[in-house]
Amino acid sequence: MKTVVSRDQVQGDFVKKVAEISGENFFNCYQCGNCSAGCPAVDEMDLLPSQVVRYLQLGLAEEVRNCKSMWVCAACLICHARCPKGVDISKIMEALRVLRLREVDAVAQIDVTDFSADYLERAPQIAMISGYRKFLPL
Amino acid sequence: MKYPYFPGCTLYTKAKKLDEAGRECSRRLGFELDELPDWTCCGATFPLVNDYHIAMSGPTRILADTKDQGGDKLVTLCSVCFNVLKRTNYVMRTDEERRAKITDFIERDYHGETEVMHYLQVLRDDIGFDQLKEKVGKPLEGLKVACYYGCLLLRPVKEIGLDNMENPTIFEDFVRALGAEPVEFPFKIECCGAFQTVHSMDVATRCSRNILNSARNSGADLVITTCPLCQFNLDDRQPEILKSEPDFATIPVVYFTQLLALALEMSAADLGFERNLIDPLPVLQAKGVVGD
């Protein structure tokens, strides 16, 4: 597959915004892959955590803007803890999520009516509250 | 000793026994958890982006209330509350710009003076595990315990600073003080899937299965946790795991304060084990920790 990388892309608005609100410098990453090796949600991801960072380094916004990976990250921070360069990918994933959830056509990623009464009776408040905060339009 | 105490929402309802056992044990150990008046929810998530300050207004107000009531420490039992309050406090201490925005908005004067502590830290640093051991009336001899830390009690280590990130020992030392035997298991700091349980349940199921199998294969009789979300995921996912893995051996998951309560001679009948999907009583009876 031919991939075009240009200065305009690398300095594009979307990538800049992700860097700004996550506070992370993608260029600290040298692609060792430790994050992807330790990630507990990686089986459900379409892009590895290290690939998300790689695409952002190259300014390939479209590759990451709608990735599934950002929605299945559990923000456990094991990637951050093991990154030799201290990159906090949970912040990058959250930046991707909130940018999507702030768009005018953003849709809720969870629906309370999908849960059974039994499940709601058992699930702790912290599960529901953090779920709403991570998956509903802002 | 009296500590300002923040129970949090879940400990008032679904995780009542984490709270009740914790309070009763503190009385038996000679310290008091003094519940903060008029507390609100901590928000249950720490905002991971730099431009979302409103989520820190709630926890900041809780921390400022503690300070205004003359407390220099604030104790929590729930890992989620602990993490949110501790990380918010770190921002209050280190980030002048964000602190100004948030404290201006909530109209409070606060600079991160409160020290957020987990109950385990009170036991380790203020009471001392040696002292705890002396107060144990019923040592839990023969019980093999998998100490599951999860994420929020440990990470990010720079902001939380409770223990070593890759190989923490506070929980094992606690279990030893109770007379039980901690087992070493490789998944003790891995994630249970956390809030993905309401979005990608498969993530929570897979994560829980790996943790539980690791605990079981290391010889544990049960798993202990500090977190109501971990307890829920690890307990509630087991019927689902059994569907895809018929030879999966179920294992009970209880709160650390429930184990502490047993060692301090509280009755198992008062510890609410009936809420557990996987009943811990059979193994506790088999090990002689609880009478038949």
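Residues numbered from 1 in each chain as written. Chains lettered and ligands numbered in written order. Predicted model: local features only at pLDDT ≥ 70, side-chain atom pairs only at ≥ 80, totals over all residues. Heavy atoms only, no water.

**Details of the overall build of chain B**
Right, on to step 1. The helix and strand inventory of chain B stands at 13 helices and eight strands.
Right, on to step 2. For chain B, whose C-alpha radius of gyration is 19 Å, the value lies close to the compact-globule estimate of 19 Å for 292 residues.
Right, on to step 3. Counting only C-alpha atoms, chain B reaches 55 × 45 × 30 Å along its principal axes.
Right, on to step 4. Taking all contacts inside chain B whose residues are at least 6 apart in sequence as the whole, residues at least 24 apart take part in 76%.
Right, on to step 5. Summed over all atoms, the accessible surface of chain B reaches about 10,800 Å², with 46% contributed by carbon and sulfur.
Right, on to step 6. One way to put it: in chain B the 33 positive side-chain charges average out to a point 1 Å from where the 44 negative ones average out. (Helix = DSSP H or I, 4+ residues; strand = E, 2+ residues; numbered from the N terminus. Rg over C-alpha atoms; globule rule 2.2 N^0.38 Å. Contact = heavy atoms within 4.5 Å. Areas by Shrake-Rupley, 256 points an atom, 1.4 Å probe, with all protein chains shown as cover. Lys, Arg positive; Asp, Glu negative; His and termini not counted. Charge placed at Lys NZ, Arg CZ, Asp CG, Glu CD.)

**Describing the overall build of chain A**
Right, on to step 1. Looking only at helices and strands, one finds 10 helices and zero strands in chain A.
Right, on to step 2. Each helix and strand of chain A, placed in order from N terminus to C terminus, yields the pattern α-α-α-α-α-α-α-α-α-α.
Right, on to step 3. Viewed in the frame of its principal axes, chain A has a C-alpha envelope of about 50 × 35 × 30 Å.
Right, on to step 4. Of all 138 residues assigned to chain A, the portion counted as buried reaches 49%.
Right, on to step 5. For chain A, long-range pairs separated by at least 24 residues make up 67% of all intrachain contacts whose partners lie at least 6 apart in sequence. (Buried < 20%, exposed > 50% of the residue type's maximum accessible area, 1.4 Å probe, protein only.)

**Quick word on helix α1 (residues 16-29) of chain B**
Right, on to step 1. Compared with an ideal rise of 1.5 Å per residue, which puts 14 residues at 20 Å, α1(B) spans 20 Å between its outermost C-alpha atoms and is within 8% of the ideal.
Right, on to step 2. Regarding α1(B), the residues found buried are B:Leu18, B:Asp19, B:Ala21, B:Gly22, B:Arg23, B:Glu24, B:Cys25, B:Ser26 and B:Leu29. (Expected span 1.5 Å × (residues − 1).)

**Re the nonpolar core**
Right, on to step 1. Of all hydrophobic cores here, the largest spans 151 residues; its most connected members are B:Tyr119, B:Leu123, B:Phe174, B:Ile224 and B:Leu260.
Right, on to step 2. Among the elements that take part in this core, helix α8 (residues 89-101) of chain A stands out by supplying eight residues, more than any other.
Right, on to step 3. Domain assignment of the residues forming this core places at least three in each of domain 1 (2-119) and domain 2 (128-286) of chain B.
Right, on to step 4. In contact with B:Tyr119, not counting residues within four places along its chain, are B:Gly22, B:Cys25, B:Ser26, B:Phe31, B:Leu33, B:Val75, B:Thr76, B:Leu77, B:Phe256, B:Thr257 and B:Leu260. (Core = buried A, V, L, I, M, F, W, Y, C linked by side-chain atoms within 4.5 Å. Domains from an automatic or database assignment.)

**Re the interface of chain A and chain B**
Right, on to step 1. The interface of chain A with chain B comprises 46 residues on the first partner and 47 residues on the second.
Right, on to step 2. Here chain A and chain B share an interface that buries about 4,000 Å² over both sides, 60% of which is from carbon and sulfur atoms.
Right, on to step 3. Contact with chain B buries area across many residues of chain A, yet A:Arg122, A:Ile126 and A:Arg133 alone supply 18% of it, more than any other trio.
Right, on to step 4. Linking chain A with chain B are seven salt bridges.
Right, on to step 5. For A:Glu44, the salt bridge is made with B:Arg206, and the minimal N-O distance between the two is 2.8 Å.
Right, on to step 6. For the pair chain A and chain B, the number of links is 20 residue pairs in polar contact (both at pLDDT 80 or more).
Right, on to step 7. The set of elements that each furnish at least two residues to the side of chain A that touches chain B consists of α2 (13-22), α6 (69-72), α7 (78-82), α8, α9 (117-122) and α10 (125-135) of chain A.
Right, on to step 8. A per-element tally of the side of chain A that touches chain B places α10(A) first, with 10 residues.
Right, on to step 9. Along the lines of polarity and charge, the residues of the side of chain A that touches chain B split into 26 nonpolar, nine polar and 11 charged. (Buried area = accessible area lost by both parts, 1.4 Å probe. Salt bridge = Lys/Arg side-chain N within 4 Å of Asp/Glu carboxyl O. Polar contact = N/O pair within 3.5 Å; in protein donor to acceptor, adjacent residues only side chain to side chain. Nonpolar A, V, L, I, M, F, W, Y, C, P; charged D, E, K, R; others polar.)

**Re the side chain of A:Glu24**
Residue and element names in this part refer to chain A.
Right, on to step 1. The residue Glu24 is located in the loop between α2 and α3 (34-38) in this model.
Right, on to step 2. Comment: no salt bridge for buried Glu24; closest opposite-charge side chain is Lys91, at 4.5 Å.
Right, on to step 3. Here Asp88 takes part through its backbone nitrogen, which lies 2.8 Å from a polar atom of the side chain of Glu24.
Right, on to step 4. Those residues in contact with Glu24 that lie beyond four places of it in its chain are Ala19, Gly86, Val87, Asp88, Lys91 and Ile92.

**As for the confidence of the model for chain B**
Right, on to step 1. Of all residues in chain B, 100% attain a pLDDT of 70 or more, and the chain-wide mean is 97.
Right, on to step 2. Confidence metrics for the complex model read pTM 0.97 and ipTM 0.95. (pLDDT = per-residue confidence, 0-100.)

**Some remarks on the environment of B:Phe171**
Residues and elements named next belong to chain B.
Right, on to step 1. The topology assignment puts Phe171 in helix α8 (residues 170-177).
Right, on to step 2. Taking the C-alpha atoms as reference points, Phe171 and Met92, 79 residues apart in sequence, are found 28 Å from one another.
Right, on to step 3. Not counting residues within four places of it along the chain, the set of residues in contact with Phe171 comprises Leu120, Cys147, Tyr148, Tyr149, Ile224, Thr225, Thr226 and Phe256.

**Here's the deal with the packing of aromatic side chains**
Right, on to step 1. Under the defined criterion, the tally for this structure stands at 14 aromatic pairs over all chains.
Right, on to step 2. When the centroid spacing of 6.4 Å and the interplanar angle of 40° are considered together, the rings of A:Trp71 and A:Phe135 count as tilted. Of the two residues, A:Trp71 is situated in helix α6 and A:Phe135 in helix α10; the sequence distance between them amounts to 64 residues.
Right, on to step 3. On the basis of relative accessibility, which here comes to 0%, the residue A:Phe135 falls in the buried class.
Right, on to step 4. With 6.0 Å between their ring centres and 70° between their planes, B:Phe171 and B:Phe256 make a pair best called edge-to-face. Separated by 85 residues along the polypeptide, B:Phe171 in helix α8 and B:Phe256 in helix α12 (residues 256-263) bring together distant segments of the chain. The exposure classification of B:Phe171 matches that of B:Phe256, with both residues buried.
Right, on to step 5. Every member of this aromatic cluster is reached through a ring pair, and the members are B:Tyr3, B:Phe31, B:Tyr119, B:Phe129, B:Tyr149, B:Phe171, B:Phe174 and B:Phe256.
Right, on to step 6. The ring of A:Phe14 carries A:Arg65 above its face, with NZ or CZ at 4.4 Å from the centroid. (Phe/Tyr/Trp six-rings, centres within 6.5 Å; stacked < 30°, edge-to-face > 60°. Lys NZ or Arg CZ within 6 Å of the ring centre and 35° of its normal.)

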